[in-house]
Amino acid sequence: MANGQWYPPEWPDRIRALADGTLTPVSPRRAATVLLLKDTDAGPVVHMLRRRASMAFAGGAYAYPGGGVDPRDDDHTVRWAGPTRAWWAERLGVDEAGAQAIVCAAVRETYEEAGVLLAGPDAASVVGDTTGDDWEADRAALVARELSFAEFLDRRGLVLRSDLLGAWTRWITPEFEARRYDTWFFVAALPEGQRTRNASTEADRTVWIRPEEAAAGYDKGDLLMMPPTIATLRQLLPYATGAEALAAAPARDMTPVIAGARLVDGEIVLSWPGHGEFTKHIPTAPGTASPAASPATPGTPSTGGDPA
């Protein structure tokens, strides 16, 4: 039975073009995404959104809140709590300005897309409910890039709580993809008093779902996901609580995962290092069908959630 691996139909042609030198790879944009966790009696659940089918990149696929770095996150000093920028730079494998920008992107995008804010008045507290009209006005201004994240924190008298994030993994979009991202994945726990909602214009629904249930839906072909999404879901399975996952984050390997393509016995073999389940065999002749490269139909989790 086919699984739910997202696989664009144009990839084989782009892989062949890269191999013969007619495709020049684009530079990946820095991005961040957050696996937001919440404990339940049945174990931890993770917040996921389904990208609208009309989206050019991964339409219909389930993903986590996240997005690209705002260039102003490099340039403006952000009110900060938790591990230093130098500590984060070493952990993420970038310079200090880049570390600030990536961590800011993780916190900002989670607020923009899920309404959850990992910030507080000081290093020991977190804001509560953020669903009022004044909060929504600020969130909309952030989305429109009318307000930088540094300005938002200053206006609110808040500090970014970097200690609430755990760096989990890093994936770089393959060289043959038209839209490339260098994405750092983080884990975080839903702060007490806050709740998620579908605040993203890119998603048509959101859900809280147990990682094992989401992985089972992918395996059945019911849920469409990109390789890093299902890979991170499987990595969450050993943990009985969100706190356990956060505690495990500092020991995680942050070496970037990037797909590669090679020619083997007349086929292009597409593979992700350390993730054999995503390997694809693509015929070298254009227009030749390959069962292994067929995408699944996006579906809907059977579980209920917190869509608002």
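### Examining the overall build of the chain
Then step 1. Tallying secondary structure elements over the chain gives nine helices and 14 strands in all.
Then step 2. Counting all 308 residues of the chain, 53% fall into the buried class.
Then step 3. Partitioning the intrachain contacts of the chain with sequence separation of at least 6 by distance along the chain shows that 72% fall at a separation of at least 24.
Then step 4. Working note: accessible area of the chain is about 12900 Å², and carbon and sulfur atoms make up 51% of it.

### Thoughts on helix α3 (residues 85-92)
Then step 1. Looking only at α3, the buried set comprises Trp 88, Ala 89, Arg 91 and Leu 92. Seen from one end, α3 has its buried residues packed into an arc of 165 degrees, which puts them on one side.
Then step 2. Residues of α3 that are buried make contact with β5 (80-81), α4 (96-114), β8 (166-172) and β9 (181-189).
Then step 3. Gly 93 lies just past α3 and shows a positive phi near 75 degrees.

### Focus on the sheet that holds strand β14 (residues 275-283)
Sheet strands associate in pairs through backbone hydrogen bonding, adopting either a parallel or an antiparallel arrangement.
Then step 1. Across the sheet, three strands lie side by side as β12-β13-β14; this open sheet has antiparallel pairing. On the outer flanks of this sheet lie β12 (260-264) and β14, each paired with one strand and no other. The mean angle between the axes of side-by-side strands here comes to 25 degrees, regardless of whether they run parallel or antiparallel.
Then step 2. In this structure, strand β13 (residues 267-272) lies alongside β14, joined through five bridges in antiparallel fashion. Bridge pairing in β14 links Leu 270 to Lys 280.
Then step 3. Packing against the sheet, helix α1 (residues 11-19) makes contact with β12, β13 and β14, and its axis sits at approximately 100 degrees to β13.

### A few points about the nonpolar core
Soluble globular proteins: nonpolar side chains tend toward being buried together.
Then step 1. Core analysis: the biggest nonpolar cluster contains 42 residues, and Leu 92, Leu 117, Leu 165 and Phe 186 have the highest contact counts within it.
Then step 2. Of all the elements in the fold, those that place two or more residues in this core are β1 (29-40), α3, α4, α5 (133-143), α6 (149-156) and β9.
Then step 3. With ten residues, the single largest contributor to this core is α4.
Then step 4. When neighbours within four sequence positions are excluded, Leu 165 is seen to be in contact with Val 34, Trp 88, Val 103, Ala 106, Val 107, Leu 118, Phe 186, Val 187, Ala 188 and Leu 246.

### Thoughts on the pattern of salt bridges
Then step 1. One pass over the structure, following the stated rule, counts 17 salt bridges.
Then step 2. One network of salt bridges, in which partners are shared, links Asp 70, Arg 72, Arg 108, Glu 109, Glu 112 and Arg 145.

### Comments concerning the confidence of the model for the chain
Then step 1. Taken as a whole, the chain shows an average pLDDT of 86; of its residues, 87% reach a score of 70 or greater.
Then step 2. Here residues 288-308 is modelled with pLDDT under 50, and outside its nearest four sequence neighbours on either side it reaches 54 contacts, counting other chains as well.

### Section: α5
Then step 1. Burial in α5 covers these residues: Trp 135, Asp 138, Arg 139, Ala 141 and Leu 142. On an axial view of α5, the arc spanned by its buried residues comes to 160 degrees, and they lie on one face.
Then step 2. Summarising the contacts, the buried residues of α5 are in contact with α4 and α6.
Then step 3. Positive backbone phi, at 60 degrees, marks Arg 145, one or two positions downstream of α5.

### A few points about the packing of helix α7 (residues 211-219) against helix α8 (residues 227-236)
Then step 1. Where α7 contacts α8, the two axes come as close as 9 Å, and the packing angle between them is 140 degrees. Looking at the two axes, α7 sits oblique to α8. The element α7 and its partner α8 pack so that their crossing is left-handed. Of α8, the residues touching α7 (which contributes Pro 211, Ala 214, Ala 215, Tyr 218 and Asp 219) are Ile 230, Leu 233, Arg 234 and Leu 236.
Then step 2. Residues of the contact of α7 with α8, tallied by class, amount to seven nonpolar, no polar and two charged.

### Concerning the packing of aromatic side chains
Then step 1. Following the criterion strictly, the structure yields nine aromatic pairs and no others.
Then step 2. Taken together, a centroid distance of 5.4 Å and an interplanar angle of 25 degrees make the contact between Tyr 111 and Phe 152 stacked. Taken as a pair, Tyr 111 in helix α4 and Phe 152 in helix α6 lie far apart in primary sequence, 41 residues in all. Both residues of the pair, Tyr 111 and Phe 152, count as buried.
Then step 3. Against the face of Trp 135 rests Arg 156, its NZ or CZ located 3.8 Å from the ring centre.
Then step 4. The cationic tip of Arg 252 hangs over the ring face of Trp 168; the distance from NZ or CZ to the ring centre is 4.4 Å.

What counts and what doesn't
Residues numbered from 1 in each chain as written. Predicted model: local features only at pLDDT ≥ 70, side-chain atom pairs only at ≥ 80, totals over all residues. Heavy atoms only, no water. Helix = DSSP H or I, 4+ residues; strand = E, 2+ residues; numbered from the N terminus. Buried < 20%, exposed > 50% of the residue type's maximum accessible area, 1.4 Å probe, protein only. Contact = heavy atoms within 4.5 Å. Areas by Shrake-Rupley, 256 points an atom, 1.4 Å probe, with all protein chains shown as cover. Arc of directions from axis to C-beta. Pairing = 2+ DSSP bridges. Axes fitted to C-alpha atoms, helices over the stretch in contact; angles between N-to-C directions. Core = buried A, V, L, I, M, F, W, Y, C linked by side-chain atoms within 4.5 Å. Salt bridge = Lys/Arg side-chain N within 4 Å of Asp/Glu carboxyl O. pLDDT = per-residue confidence, 0-100. Parallel < 35°, antiparallel > 145°, perpendicular 65-115°, else oblique. Left-handed = near helix turned anticlockwise from the far one by under 90°. Nonpolar A, V, L, I, M, F, W, Y, C, P; charged D, E, K, R; others polar. Phe/Tyr/Trp six-rings, centres within 6.5 Å; stacked < 30°, edge-to-face > 60°. Lys NZ or Arg CZ within 6 Å of the ring centre and 35° of its normal.

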